[in-house]
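Here's the letter readout for the chains.
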Amino acid sequence: MQAPVLVLKAIGHTFDLMRTYTYKQSVMWKDSLNRESGSKVHHANIQASKAVADIIRTTLGPRSMLKMLLDTGGGGIVVTNDGNCILRELDLAHPAAKSMIELSRTQDEEVGDGTTSVIVLAGEMLHVAEAFIDKKYHPTVICRAYNKALEDAIAVLDNIAAPVDVNDRVAMLGLVKSCIGTKFTGQFGDLIADLALDATTTVGVDLGQGLREVDIKKYIKVEKVPGGLLEDSKVLKGVMINKDVVAPGKMRRKISNPRIILLDCPLEYKKGENQTNAELVREEDWGILLKMEEEYVENLCMQILKFKPDLVITEKGLSDLACHYFSKAGVSAIRRLRKTDNNRIAKACGAVVVNRPDELQESDVGTRAGIFEVKKIGDEFFAFIDECKDPKACTVLLRGASKDLLNEVERNLQDAMSVSRNIIKNPKLVPGGGATELTVSATLKQKSSSIEGIEKWPYEAAAIAFEAIPRTLAQNCGVNVIRTMTALQGKHANGENAWIGIDGSTGAIADMQERKIWDAYNVKAQTFKTAIEAACMLLRIDDIVSGIKKKEAPGSAAPSKPTIEKEDDADNEQMIPE
């Protein structure tokens, strides 16, 4: 009869131990510190990510809904269906939701398209992982299976990718059009695709070995001018700047085949670095001082006029005196130009930006521009340096009814330019309309049967998660989702018919090659990589600690109590050297 009592005692002792352990833990943390760990964190992260994915799920595909965002950073409202633009304006508190928003920003910077797909896919990957977290699977196991699935998915992409001829304009137009068909400006598809293709082919630079570099941020400027029709938008073979000549009455506003000199130094007398006082004894010294200033400016102007330019552009100031010398010589001048604009003009007309006028050489003068002209559009003057021979920079001039419309068109144009840049860099295509995801899903399902061990199930779940993209497309079209998905899965079951997908406009099951619905290989590969890597990162978080001590700003520390020096302290003080 004694044994049960012993057991009870032992159990009591264990409880005591536990109580001491939790007490010690609570003593360790401060009151202000919150700590969540284990499956609670996983569930919270997954729920937050799903919430973010649900916000923009309806903006996927050509039949997408628009979102209206009020009280945005720039004030006023934004109406858009660009995933990155919507998420950028959201102010979220949950850390996992914030990292989802970072995903879309990364995608936008890397490839410029697929910002909505990446969030939807990452949300779905986390959603299917939830079941395994409930079954006490270790997150590392799930992540290992996901990474294996990612490798196999990229291999499938390589298999089904088709090469494209970058010089075939019709094929390229169709491609860019199918990529921006999901956007608000899909109705003006030809126009936007034309503008994007013209701009990116203009600024493309051959690096040799078949590589091309297209820098759309540095060398393509989008100028939005409200008024006129959207059809009036065009790509200029040169640069347009929102400036007028310095002296409109005296300087020419239209010059054919101008010789252009670009400077980034001021054409005025240098002011002292700090306050300079000059004490003059005689009155005529004042005249000499002024004459010296004038001679300095005249000398600068003469060094420039030696090269017989027609147009001088400087990033800094230009004094009235320099303006007088230039107008007397029949030279037009523009001052205080942005550095980025100056670099674009240099690329367009073949000039070199010079730091000091005395270093000017004949080779620094830009001669490739066909015409310089100042035009008035609306209430403002714009200077055009146009019709350049083989320009390596250009300006896209957008016209439209309102600022909101122009902003949306600009966002879509950026996406279109990114797509054409991706294709120029890596000329490979994959099918659009969810066909790629379905092929990847079918192939992974087949492979999952050959995987041994516990990783088989998460691997299969990842395969099913890829179907989120075609499913969302079908939902947004308003067709019967279950029937459509079943039919598609049947067609893809054996890994054949890689080009069968959903026509996003009608919801019909069609051959993507016939309908010319394509995606760039770069965009798809980046979408898969970003989504799965992010899902793995969020799954591996098992602890969230908040309320960590913030660093106090200098000067905000509490005033210290006055200290009283003791005899012992005097010995410790260091002697000050004489």
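Residues numbered from 1 in each chain as written. Predicted model: local features only at pLDDT ≥ 70, side-chain atom pairs only at ≥ 80, totals over all residues. Heavy atoms only, no water.

Turning to the overall build of the protein chain, a few remarks are in order. Looking only at helices and strands, the protein chain features 20 helices and 22 strands. Intrachain contacts of the protein chain at a sequence separation of at least 6 include 73% that bridge at least 24 residues. Counting every atom, the protein chain has about 31000 Å² of accessible surface; 52% of that belongs to carbon and sulfur. (Helix = DSSP H or I, 4+ residues; strand = E, 2+ residues; numbered from the N terminus. Contact = heavy atoms within 4.5 Å. Areas by Shrake-Rupley, 256 points an atom, 1.4 Å probe, with all protein chains shown as cover.)

With five of seven residues buried, strand 15 (residues 371-377) is to be regarded as a mostly interior element. Relative to strand 15, strand 10 (residues 254-256) runs antiparallel, the two sharing three bridges. Counterpart to lysine 254 in the pairing with strand 15 is glutamate 373. Strand direction decides the pairing type here: strand 15 and strand 16 (residues 380-386), joined by seven bridges, are antiparallel. Residue isoleucine 371 lies in a different strand from strand 16, and its bridge partner there is aspartate 386. What sits between the antiparallel neighbours strand 15 and strand 16 is a turn of two residues, in which glycine 378 has the positive phi angle 65°. (Buried < 20%, exposed > 50% of the residue type's maximum accessible area, 1.4 Å probe, protein only. Pairing = 2+ DSSP bridges.)

Spatial strand order, 13-12-11-14: four strands in an open sheet with parallel pairing. Two strands close off the open sheet at either side, each with one partner strand: strand 13 (332-334) and strand 14 (353-354). Along the sheet face, helix 12 (residues 339-349) touches strand 11 (260-263), strand 12 (311-314) and strand 14 and points at about 150° away from the line of strand 11. (Axes fitted to C-alpha atoms, helices over the stretch in contact; angles between N-to-C directions.)

Another point: the pattern of salt bridges. Within the structure shown, the criterion is met by 31 salt bridges. One salt bridge connects arginine 282 with aspartate 285, and the closest N-O pair in it is separated by 3.2 Å. For arginine 282, a relative accessible area of 47% gives the class partly exposed. Via salt bridges that share partners, Lys221, Glu223, Arg338, Asp341 and Arg344 belong to a single interconnected network. (Salt bridge = Lys/Arg side-chain N within 4 Å of Asp/Glu carboxyl O.)

In this section: the packing of aromatic side chains. The final tally for this structure, using the stated rule, is three aromatic pairs. Judged by centre distance (5.4 Å) and plane angle (90°), the ring pair of tyrosine 269 and tyrosine 296 falls under edge-to-face. Residue tyrosine 269 is found in the loop between strand 11 and helix 10 (283-305), and its partner tyrosine 296 is found in helix 10; the two are separated by 27 residues along the sequence. For the pair phenylalanine 466 and phenylalanine 528, a centre-to-centre distance of 4.9 Å together with 65° between the ring planes defines the contact as edge-to-face. Here phenylalanine 466, found in the loop between helix 15 (456-465) and helix 16 (468-477), pairs with phenylalanine 528, found in helix 19 (residues 521-539); they are 62 residues apart in sequence, far enough to count as distant. A relative accessible area of 0% places phenylalanine 466 in the buried class. A relative accessible area of 0% means that phenylalanine 528 is categorised as buried. When the ring centre of tyrosine 521 is taken as origin, the NZ or CZ atom of lysine 428, which lies over that ring, is 4.4 Å away. (Phe/Tyr/Trp six-rings, centres within 6.5 Å; stacked < 30°, edge-to-face > 60°. Lys NZ or Arg CZ within 6 Å of the ring centre and 35° of its normal.)

Our next topic: helix 17 (residues 481-492). The end-to-end C-alpha separation of helix 17 is 16 Å, in line with the 16 Å expected for twelve residues at 1.5 Å each. Among all positions of helix 17, only Thr484, Met485, Leu488 and His492 are buried. Angular distribution of buried residues about the axis of helix 17 spans 95°; they occupy a single face of the element. For helix 17, the exposed residues set more than 90 degrees away from the buried face come down to Ile482 and Arg483. In this structure, the buried residues of helix 17 make contact with helix 14 (435-448), helix 16, strand 19 (500-502) and strand 20 (509-511). Regarding helix 17, its N-cap is asparagine 480, as a side-chain oxygen of that residue lies 3.3 Å from the backbone nitrogen of isoleucine 482 further along. (Expected span 1.5 Å × (residues − 1). Arc of directions from axis to C-beta. Polar contact = N/O pair within 3.5 Å; in protein donor to acceptor, adjacent residues only side chain to side chain.)

When two helices pack together, their arrangement is given by the angle between the helix axes and by the axis-to-axis distance. At a minimum axis distance of 8 Å, the contact between helix 2 (residues 39-56) and helix 4 (residues 95-110) shows a crossing angle of 45°. Relative to helix 4, helix 2 is oriented oblique. Viewed along their axes, helix 2 and helix 4 form a crossing whose handedness is right-handed. Across the interface between the two elements, Asn45, Ala48, Ser49 and Val52 of helix 2 pack against Ala96, Ala97 and Met100 of helix 4. For the contact of helix 2 with helix 4, the residue count by class is five nonpolar, two polar and no charged. (Parallel < 35°, antiparallel > 145°, perpendicular 65-115°, else oblique. Left-handed = near helix turned anticlockwise from the far one by under 90°. Nonpolar A, V, L, I, M, F, W, Y, C, P; charged D, E, K, R; others polar.)

On to the environment of alanine 461. With respect to the helices and strands, alanine 461 occurs in helix 15. Given the relative accessible area of 9%, alanine 461 is considered buried. Placed 333 residues apart in sequence, alanine 461 and valine 128 show a C-alpha to C-alpha distance of 6.1 Å. Not counting the four nearest positions on each side in its chain, alanine 461 is found in contact with Val128 and Phe132.

Scored by pLDDT, the protein chain has a mean of 82; 86% of the residues are at 70 or more. Note on residues 570-578: pLDDT is under 50 here. Beyond four places in sequence and across chains, it has one contact. (pLDDT = per-residue confidence, 0-100.)

Strand order in the open sheet formed by three strands is 4-18-21, and the pairing between neighbours is antiparallel. Looking at the sheet topology across the chains shown, the edges are occupied by strand 4 (162-163) and strand 21 (518-520). With two bridges joining them, strand 4 and strand 18 (residues 428-431) adopt antiparallel strand pairing. Across the sheet, the residue bridging to proline 163 is lysine 428, located in strand 18.

Turning next to the environment of glutamate 109. By the secondary structure assignment, glutamate 109 is in helix 4. Note: C-alpha distance between glutamate 109 and serine 418 (309 residues apart in sequence) is 9.2 Å. Those residues in contact with glutamate 109, other than ones at most four positions away along the chain, are Lys217 and Arg421.

Excluding glycine, residues mostly carry a negative phi; peptide bonds, for their part, are mostly trans. Positive phi is not limited to glycine here, since lysine 136 has a value of about 65°. Along the chain, the position of lysine 136 falls in the loop between helix 5 (115-134) and helix 6 (139-160). We classify lysine 136 as exposed; its relative accessible area is 70%. For asparagine 257, which is not glycine, the phi torsion reads 40° and is therefore positive. Mapped onto the secondary structure, asparagine 257 falls in the loop between strand 10 and strand 11.

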